[in-house]
Amino acid sequence: GMAAVTPDGQVLAINRNGTDILGIRPVDAVRRDFSMVFESNLSTLVDRLRHHPQASGEIHVNGKAIHVQLRGQLPPLAVAGRVFDEVPAARPARRQEAGSPPRLTLDTLNTGDTRLQAVIDRTRRLLGRDIPILIQGESGAGKEIFAKAFHNSGPRHDQPFVALNCASIPETLIESELFGYQGGAFTGARKEGAPGKIQQANGGTLFLDEIGDMPLNLQARLLRVLQERCVTPLGSTKTIQVDIALVCATHRKLREEVARGSFREDLYYRLNGMSVTLPALRERSDIRALVSRLVLAEVPDPALAVHFSEGALKAIEGYAWPGNIRQLHNAIRVAIALLDEGEQLITEQHLPEELFEAPLAAAPAAASGVEPMRATEPLASGTSLDEIGRQAAMRALEAAGGNISSAARQLGISRNTLYRKLGKM
């Protein structure tokens, strides 16, 4: 049986063997959360098998044991991954891990920035204490990574870390995702029911991302769970005792949301045991160290070590990075993908054009009617570097109206290199 699952745990597809093994219909699996289909938590499974990718993990569905094996390679610092990746890396040497990556902790996040270090020092004092943490910061600043590092640094590190993005799930589904449901609770529900994120996190940490987007009616239910430490699944009258550490995150200013009436004041004070704000990337002083960390995550093999020219590093340091670390990571992945075989030096030519403020840099493209290529468009986690390079080449060629020479100039590579990247379809 094979299933394709997104990094945040949504089942994209499942083959006939998979539905036969699970005893369900395709409609019961596609576009549903991994936990609802497999009755277990995806991030927990990935963490368990991360260092043993050839091993199979046992999960129980409908009371029977099913063995699950990961395929493909996972980002070393990811907090979740995907199962059954059917797209093999076209350049395995670049993605091959030279050894097991260190556990993501608060210490490993500290790369020298004074503000971030102060946040880490404050947060470390709460390890092992029953005090909820509210992480604030701009989108892409690394709030979920910080929450995962906090979990791994404390006494619950061997227990589940369960994440739920309150903004990415439709309002009609978030209640069943969070609280779980009993069989037959609603149309399309599994007859056996399914545990919710709160129940899955029992003994570990529940991370609620974008908590400011949670519907008001669910805020009241969440408050009751936090006060009584028990959860009642949809369609059930039975309460289930839970023991969870709670970490929430938002890019919204919750005080303003409370004033507008879109967020409950009592829940705000219940969540805000301690509030920390992650600095935006443009405010950090450790950008070079962070670049080295992200490059190492992409190319861990010392024999294939990738370096940046001084000009490229200065361009990275001088850019405002509105998309923060997520945007920087995408830019680095694209730059690495644009390197030719044997190349190991990233220069300004490999970086997105928006990093350079000089208007003359964009003048030739504007004069020829070619729009600058946006190399920092969101990239799917786990996408191979060759696939990223092919996508960048296709976008450049489309922007150049099919002109190979112009597209190659836009990317800062030779025509032969562009042909090679376009040929990897």
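Residues numbered from 1 in each chain as written. Predicted model: local features only at pLDDT ≥ 70, side-chain atom pairs only at ≥ 80, totals over all residues. Heavy atoms only, no water.

**A look at the packing of aromatic side chains**
Quick reminder of the rule: Pairs were defined over the aromatic rings of Phe, Tyr and Trp, the Trp ring being its six-membered one, requiring ring centres within 6.5 Å. Orientation was assigned from the angle between planes: stacked under 30 degrees, edge-to-face over 60, tilted for the rest. Only DSSP runs of H or I covering at least 4 residues are called helices, and only runs of E covering at least 2 are called strands; the numbering of each starts at the N terminus. Buried residues are those whose accessible area, probed at 1.4 Å on protein chains only, stays under 20% of the maximum for their type, while exposed residues exceed 50% and partly exposed ones sit between those limits. Geometrically, a lysine NZ or arginine CZ counts as sitting over a ring once it is within 6 Å of the ring centre and also within 35 degrees of the ring normal.
Applying the stated rule across the entire model yields three aromatic pairs. Geometrically, the ring pair formed by Phe161 and Phe207 is stacked, given 6.1 Å between the ring centres and 20 degrees between the ring planes. Placement of the pair is Phe161 in strand β6 (residues 161–165) and Phe207 in strand β9 (residues 205–209), with a sequence separation of 46 residues. Using a relative accessible area of 0% as the deciding quantity, one classes Phe207 as buried. Judged by centre distance (5.1 Å) and plane angle (65 degrees), the ring pair of Tyr268 and Tyr269 falls under edge-to-face. When its relative accessible area of 6% is taken as the criterion, Tyr268 is described as buried. The aromatic ring of Phe179 is capped on one face by Arg221, whose charged end is 3.9 Å from the ring centroid.

**A word on the sheet that holds β9**
Picture the strands of a sheet paired through backbone hydrogen bonds; they go either parallel or antiparallel. For the record, the criterion: When DSSP finds two or more bridges between a pair of strands, those strands are recorded as paired. Only the stretch in contact is used when fitting a helix axis, every axis being a line fitted to C-alpha atoms; angles between N-to-C directions are given from 0 to 180 degrees. For this analysis, residues touch if any pair of their heavy atoms sits within 4.5 Å.
One open sheet holds the five strands; their spatial order is β6-β9-β12-β5-β13, and the pairing between them is parallel. Two strands bound the open sheet, and with one partner strand each, they are β6 and β13 (274–277). Strand-to-strand twist across the sheet, computed as the mean angle between neighbouring axes with direction ignored, equals 20 degrees. Alignment of strand β5 (residues 133–136) against strand β12 (residues 245–250), held across four bridges, turns out to be parallel. Bridge pairing links Gln136 to Thr250 in β12. Its contacts with the sheet put helix α7 (residues 143–153) on β5, β6, β9 and β12, and the angle it makes with β9 is roughly 170 degrees.

**Brief notes about the environment of Gln200**
As for its placement among the helices and strands, Gln200 is situated in helix α9 (residues 197–200). Sequence separation of Gln200 and Phe179 is 21 residues, and the distance between their C-alpha atoms is 9.7 Å.

**Overview of the packing of helix α13 (residues 287–298) against helix α14 (residues 310–318)**
Stated precisely, the cut-off is as follows: In this scheme, roughly parallel covers angles under 35 degrees and roughly antiparallel covers those over 145, while 65 to 115 is roughly perpendicular and the rest are oblique. Two helices crossing with the near one rotated counterclockwise from the far one by less than a right angle form a left-handed crossing, whereas a clockwise rotation gives a right-handed crossing. Gly falls in the polar group here, along with every residue not listed as nonpolar (Ala, Val, Leu, Ile, Met, Phe, Trp, Tyr, Cys, Pro) or charged (Asp, Glu, Lys, Arg).
α14 packs onto α13 with a crossing angle of 110 degrees between their chain directions and a minimal axis gap of 10 Å. When the axis of α13 is compared with that of α14, the two are roughly perpendicular. In this structure, α13 meets α14 at a crossing whose hand is right-handed. In this structure, α13 contributes Ile287, Arg288 and Val291 to the contact, and α14 contributes Glu310, Leu313, Lys314, Ile316 and Glu317. Residue classes in the contact of α13 with α14 are distributed as four nonpolar, no polar and four charged.

**Concerning the pattern of salt bridges**
To keep things clear, this is the line we draw: When a carboxyl oxygen of Asp or Glu lies within 4 Å of a side-chain nitrogen of Lys or Arg, that pair is called a salt bridge.
Applying the stated criterion across every chain yields a total of 15 salt bridges. Linking Asp243 and Arg156 is a salt bridge whose minimum nitrogen-to-oxygen distance equals 2.9 Å. Taken as a pair, Asp243 in the loop between β11 (240–241) and β12 and Arg156 in the loop between α7 and β6 lie far apart in primary sequence, 87 residues in all. When its relative accessible area of 22% is taken as the criterion, Arg156 is described as partly exposed.

**A look at the pairing of β9**
With respect to burial, β9 is a largely interior element, five of its five residues being buried. Every second residue of β9 is oriented toward a common face, with Thr205, Phe207 and Asp209 on one face and Leu206 and Leu208 on the other, all of them buried. Pairing geometry for β9 and β12, over four bridges, is parallel. In the sheet register, Leu206 faces β12, and the bridge partner there is Leu246.

**Observations regarding the packing of α13 against helix α15 (residues 324–337)**
Two numbers describe a pair of packed helices, the interaxial angle and the distance between the axes. Orientation of α13 relative to α15, taken along the N-to-C sense of each, is 55 degrees, at an axis distance of 10 Å. Taken together, the axes of α13 and α15 lie oblique to each other. Crossing of α13 over α15 shows right-handed handedness. Residues Leu290, Val291, Leu294, Val295 and Glu298 of α13 lie in contact with α15, whose contacting residues are Ile325, Leu328, His329, Ile332, Arg333 and Ile336. Looking at side-chain class alone, the contact of α13 with α15 contains eight nonpolar, one polar and two charged residues.

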